[in-house]
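# Structure assessment
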Amino acid sequence: MTTPTDSVKDRILSLDPADLPAYVYDLAALREHAASVRAALPAGVELYYAAKANPEAELLAALGPYVDGYEVSSGGELAHVAKAVPGRPLAFGGPGKTPAELAAALEAGVARHHVESLHDLRVLATLSARSTAPGSRIGILLRVNLPLAGSCLAGSSLAMGGRPTPFGLDPADAETAASLLSADTWPHLELLGVHAHLASGLEAAALLAAAESIVTWSKALSARHGFALREVNVGGGMHVSYAAPDVLFDWQAYGEGLARITAAHPGLTLRIEPGRALTAYCGWYATEVLDVKDSHGEAFAVVRGGTHHLRTPATKGHDQPCSVLPYEPWPRPWPRPATDRPETTLTGQLCTPKDLLARNVPAPGLRAGDRVAFALAGAYAWNISHHDFLMHPHPTHHFLNA
Ligand SMILES: *Cc1c(COP(=O)(O)O)cnc(C)c1O
């Protein structure tokens, strides 16, 4: 996964320097990966893609045949995804929805509303009372911040639940919401179940333990309030290893574990909504080395671009996996800056020491003009970056094997 496929490599090497940096997406690789994820999941488990990981329209469309729907978390994502993949089921969540966003979600006919607070529920109930046709009902999942037993979430890089956070309903508020909904306070709302996206960066065993706890808790909630538990959305958060990019999340084991859970609860639909683990691998951030220098005994290579385009290593504090693609033309009459040191730190063009893409990259012989392909740039990369800091040009975007 650190070495680009031939089509990605050919494209990177064929680009004019003026087209660099470039985001290059291999849509064939994305389709193949999504197909293998889908194949590892049992029937009865629905797969939604969390659009915030990467909402590029080409990626959303490429995922189409392999997903059951898309999870969106803002009015902007809602409008964009509804246009990119028209007619596909959407789940609308997120803390801090405005009344206008909720109205837009109702207008768009989203399949599921993920309710994050009692206030969120009341605004939704009020707005939808006016717009819902007689006899039809709005499908609701309560997003709950569950106190998970044991150390389920211990390995997580980012925990949204199991501790104080702004996400989801506190268990006591979830009881109130369930009792209001079960008492038919709002007959046009239908409580279908629970949503719990609790953490990010977990391996299959930890996510399965969390899923079991979520389902057990949800069953007990439905028993206390006398509603039929139809669905549980156990969220995303499947681990992507930036340190060992060839080691993928164990979808096989995860799928088998989910099958055991659904077998124990006939009639229950489980849903998952990964983002990162679906799209991270198909994207590459490609650029060229502008300059190479020694600084106090260490080698630095400054590349065109930086963390204003690929913020992932800065936000996660890792070294972005990469590979060097030697590039021959050097149409200048002086020698190419180069390094013989065994390791080089790759930085961007920003005037801040935080602009580090990868430290201690083994790249002896690295020269100015060589190209570098940063891997795992298909999720939480371009779309989370601070594009206009220092006013460098934006990268070009390429979608291969459409
Ligand atoms: C971000 C998010 C996801 C996806 O998380 P990944 O770590 O990218 O898999 C899923 N559900 C919700 C509610 C989210 O906020």
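Note that the structure is a prediction, hence the values are computed from the model and not measured.

## So, the nonpolar core
Leu-142, Tyr-254 and Leu-258 are the most contacted members of the largest nonpolar core, which totals 118 residues. For this core, the domains that each give at least three residues are domain 1 (6–22 + 282–400) and domain 2 (89–274). Those residues in contact with Leu-258 that sit more than four places away from it in its chain are Leu-41, Pro-42, Val-45, Leu-208, Ala-211, Leu-270 and Ile-272.

## Brief notes about helix H6 (residues 118–131)
Compared with an ideal rise of 1.5 Å per residue, which puts 14 residues at 20 Å, H6 spans 20 Å between its outermost C-alpha atoms and is within 8% of the ideal. Every buried residue belonging to H6 is among Leu-118, Asp-120, Leu-121, Val-123, Leu-124, Ala-125, Leu-127 and Ser-128, and all of these are buried. Buried residues along H6 sit against helix H5 (99–108), strand S5 (112–115), strand S6 (138–143), helix H7 (171–182) and strand S8 (189–195). Where H6 begins, the capping side chain belongs to Ser-117, and its oxygen is found 3.3 Å from the backbone nitrogen of His-119.

## Section: the packing of aromatic side chains
Enumeration according to the criterion identifies eight aromatic pairs in this entry. Where Tyr-23 meets Tyr-285, the ring centres are 5.1 Å apart and the plane angle is 45 degrees; that geometry is what we call tilted. Residue Tyr-23 is located in strand S1 (residues 22–26), and its partner Tyr-285 is located in strand S12 (residues 283–295); the two are separated by 262 residues in the primary sequence. Both residues of the pair, Tyr-23 and Tyr-285, count as buried. Here a set of aromatic residues connected by ring pairs shows up, and it is made of Tyr-23, Tyr-25, Tyr-285, Phe-374, Trp-382 and Phe-399. Against the face of Phe-92 rests Lys-97, its NZ or CZ located 5.9 Å from the ring centre.

## Observations concerning the environment of Phe-389
Checked against the element boundaries, Phe-389 lands in the loop between strand S17 (371–374) and strand S18 (396–400). Among the residues examined, Phe-389 registers a relative accessible area of 41% and is labelled partly exposed. Placed 86 residues apart in sequence, Phe-389 and Val-303 show a C-alpha to C-alpha distance of 16 Å. In this structure Phe-389 touches His-308, Leu-350 and Thr-352, once residues within four positions along its chain are discounted.

## Here's the deal with the pairing of strand S15 (residues 343–347)
Put simply, side chains in a regular strand alternate between the two faces of the sheet. Most of S15 is tucked away: four of the five residues are buried. Of the pairings in the sheet, the one linking strand S13 (residues 298–303) to S15 comprises four bridges and is parallel in character. If you follow Phe-300 over to S15, its bridge partner there is Thr-345. Across four bridges, the pairing between S15 and strand S16 (residues 356–362) is antiparallel.

## With respect to the pattern of salt bridges
Counted by the stated rule, this structure contains 16 salt bridges. Ionic pairing is found between Arg-341 and Asp-294, a salt bridge with its closest N-O pair at 2.8 Å. Highlighted residues: Arg-341 in the loop between strand S14 (322–325) and S15 and Asp-294 in strand S12, separated in sequence by 47 residues. Residue classification places Asp-294 among the partly exposed residues on the basis of a relative accessible area of 47%. As a salt-bridge pair, Arg-336 and Asp-370 come within 3.3 Å of each other at their nearest N and O atoms. Within this pair, whereas Arg-336 is found in the loop between S14 and S15, its partner Asp-370 is found in the loop between S16 and S17, the two being separated by 34 residues in sequence. Three or more residues joined by partner-sharing salt bridges are found here, namely Glu-46, Arg-112, Glu-231 and Arg-271.

## Digging into the site of the ligand
Lys-52, Gly-237, Glu-273, Arg-276 and Tyr-380 are the nearest of the 14 residues found near the ligand. Between Gly-275 and the ligand, the recorded distance is 2.9 Å, taken from a backbone N or O atom to an oxygen atom. One nitrogen or oxygen atom from the main chain of Arg-276 is found 2.8 Å from an oxygen atom belonging to the ligand. If the ligand stood free it would expose 390 Å²; the protein chains cover 93% of that surface. Here the shell around the ligand is composed, by residue class, of three nonpolar, six polar and five charged.

Rules behind the numbers
Each chain carries its own residue numbering, running from 1 in the written order of its sequence. Reporting of local features is limited, given that this is a predicted model, to residues whose pLDDT is at least 70; pairs of side-chain atoms are given and counted only at 80 or more, and all residues count toward the totals for whole chains, interfaces and linings. Water and hydrogen atoms were dropped before computing side-chain values, which therefore reflect all heavy atoms in the structure. To define a nonpolar core, start from buried Ala, Val, Leu, Ile, Met, Phe, Trp, Tyr and Cys residues and group those joined through side-chain atoms within 4.5 Å. The cut-offs for exposure are 20% and 50% of the maximum accessible area for each residue type, with area from a 1.4 Å probe on protein chains only; residues under the lower value are buried, those over the upper are exposed, and the others partly exposed. Per the annotation, domain bounds derive from an automatic or database assignment of domains. What makes two residues a contact is simply this: any of their non-hydrogen atoms within 4.5 Å. A helix here means a DSSP run of H or I that spans at least four residues, while a strand means a run of E at least two residues long, and both kinds are numbered starting from the N terminus. Expected helix span is taken as 1.5 Å per residue step, with the number of steps being one fewer than the number of residues. Pairs of N or O atoms are called polar contacts if they sit within 3.5 Å, as long as, within protein, a hydrogen donor faces a hydrogen acceptor (for residues adjacent in sequence, only side-chain-to-side-chain pairs). Two aromatic rings, drawn from Phe, Tyr or Trp (for Trp, its six-membered ring), form a pair once their centres lie within 6.5 Å of each other, and the interplanar angle then sorts them: stacked below 30 degrees, edge-to-face above 60, tilted otherwise. Two conditions define a charge located above a ring, namely a distance within 6 Å from the ring centre to NZ of Lys or CZ of Arg, and an angle within 35 degrees of the ring normal. Criterion used throughout: strands pair if DSSP finds at least two bridges between them. Any carboxyl oxygen of Asp or Glu within 4 Å of a side-chain nitrogen of Lys or Arg constitutes a salt bridge here. By convention in these notes, a residue is near a molecule or strand provided one of its non-hydrogen atoms lies within 4 Å of it. Here, Shrake-Rupley sampling with a 1.4 Å probe gives the accessible areas, and only protein chains in the shown set may cover a residue. All residues other than Ala, Val, Leu, Ile, Met, Phe, Trp, Tyr, Cys, Pro, Asp, Glu, Lys and Arg, Gly among them, are scored as polar; the first ten of these are nonpolar and the last four charged.

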